[in-house]
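# Results of the structural survey
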Amino acid sequence: IWISIKLDLRQMTHSAAFGTTPELEALFKVQASANIAPEDQLVAIQVHIADEMFTCGGYIASDGNAASAQERLQKLLASDPDAPCYMLIRLVEPGAWLLAAYVPDSAAVRPKMLYSSGRDSLRKALCSLATLSDVHWTSVDDAAVLSEEKLSHDSKLELMTKTERLAIEDAKQTATEAQGEKVTSAALSFPMSPDAAEQTGAFRDGSRSLLVLTITGETITLHQSASEAAPAELRAQLPPDAPSYCIFRWSHEHEGEAQDPVLFIYCCPEHSKVRAKMLHASTKGGVITYLETTGVQVAKSLEVSDLDDLTESLITDEMHPTVQQEKAISKPAPRGGRKLVKRQA
């Protein structure tokens, strides 16, 4: 008897569409309700990704003491400091929550990518229930947020211009469909500069294989472009201290077949300015939509927070996941060896 065993590694992208468990959705819907009694309110809800689903990993109940809640929050994260997770934290304003992506520098590369790729999906799954502000934590110390001043939604928005705030509110209003409150989109959309639009057209037509775009003011501008590029050359083309979008056509052969998929790589160095992180994260979906409407079909979307992680090996693993070799398992012989049975004539 031969049994074939194959293990396919999951493909992770920044735009990964994970589902939400009914338990987590029901819990957050109750907590985000304006009618919830103060004694029933939770300070924070921890969210994990398990089997491509967002699940509730725990919560912090309110005891009326911000210092105590802060201590419990940091203790919760410190219990497994290398494990990424999300924290949904209640803000001062009614209906306002903070979505914190805790992705420590010490985490392994793939968990980093998994939780970075799922952040947008979690936001979209919950933004119809509450107003969400984003923040990114890389250490337990970053989680010092449970105070009256820092729990203000306005303190997050003051980093943005009036136009950006209006765009967020408009995105929130258009994010919910009438049927079942399903989220369709929630992204900012800024105009392309003339040279960025021109080079996007050149990329679509095949005369460019690399575009690097950034946000300057309230416009998406061209940082770099190249007619030819290899995976090993990408890091040198990206700004080391600011977020950027890298659109890369990877011309290569795989198993004897010529391929040229387009990769969208969102690069967000950890030491980038907070405002730039917020803008680029919120605008990423709009850029991908713009590319696709102009005829550039994105085959894979990735996110890296450390340029050193952007290697040819990473791109290869994402585009061509390793498949475990087939293992042959034979039926063991019975105890005492196989018996010969003489056939009757």
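To be clear, the structure that these remarks concern was listed above.
Counting starts from 1 at the beginning of each chain's written sequence and moves along it residue by residue. Owing to the predicted nature of the model, reporting of local features is limited to residues with pLDDT of at least 70; listing and counting of side-chain atom pairs is limited to 80 or more, with chain, interface and lining totals taken over all residues. As a convention, hydrogens and water are excluded, and side-chain values are obtained from all of the structure's heavy atoms.

### Here's the deal with the environment of T138
- Within the fold, T138 resides in the loop between β6 (131–137) and α4 (153–157).
- Taking the C-alpha atoms as reference points, T138 and P104, separated by 34 residues in sequence, lie 4.1 Å from one another.
- Other than its neighbours up to four places away in sequence, T138 contacts Y102, V103, P104, D105 and E270. By definition, any uninterrupted DSSP run of H or I lasting at least four residues is a helix, any uninterrupted run of E lasting at least two residues is a strand, and each is numbered from the N terminus. Residue contacts are counted whenever heavy atoms from the two residues lie within 4.5 Å of one another.

### A word on the pairing of strand β7 (residues 210–216)
- In terms of burial, β7 is a largely internal element, six of the seven residues being buried.
- Relative to strand β8 (residues 219–226), β7 is paired through seven bridges, and the arrangement is antiparallel. Bridging from a neighbouring strand, L210 pairs with A226 of β8.
- The hairpin turn running from β7 into β8, its antiparallel successor, is two residues long, and G217 in that turn takes a positive phi close to 65°.
- As defined by bridge partners, β7 adjoins strand β9 (residues 244–249) across four bridges and the pair is classed as antiparallel. Of the residues in β9, the one forming a bridge with V212 is C246. Under the scheme applied here, a residue whose accessible area is under 20% of the maximum for its type counts as buried, over 50% as exposed, and between as partly exposed, the area being computed with a 1.4 Å probe on protein chains only. When DSSP finds at least two bridges between two strands, those strands are taken to pair.

### Focus: the sheet that holds strand β1 (residues 19–20)
- The strand order across the open sheet formed by six strands is β1-β3-β2-β4-β5-β6, and the pairing between neighbours is mixed. Only two strands of the sheet have a single partner each, and these edge strands are β1 and β6.
- Of the pairings in the sheet, the one linking β1 to strand β3 (residues 53–61) comprises two bridges and is parallel in character. When the sheet's bridge partners are listed, T20 is paired in β3 with F54.
- Where helix α2 (residues 66–78) meets the sheet, it contacts β2 (42–50), β3, β4 (85–90), β5 (96–102) and β6, and its direction lies at approximately 170° from that of β4. Only the contacting stretch of a helix is used when fitting its axis, a line to C-alpha atoms as for every element, and angles between N-to-C directions run 0 to 180 degrees.

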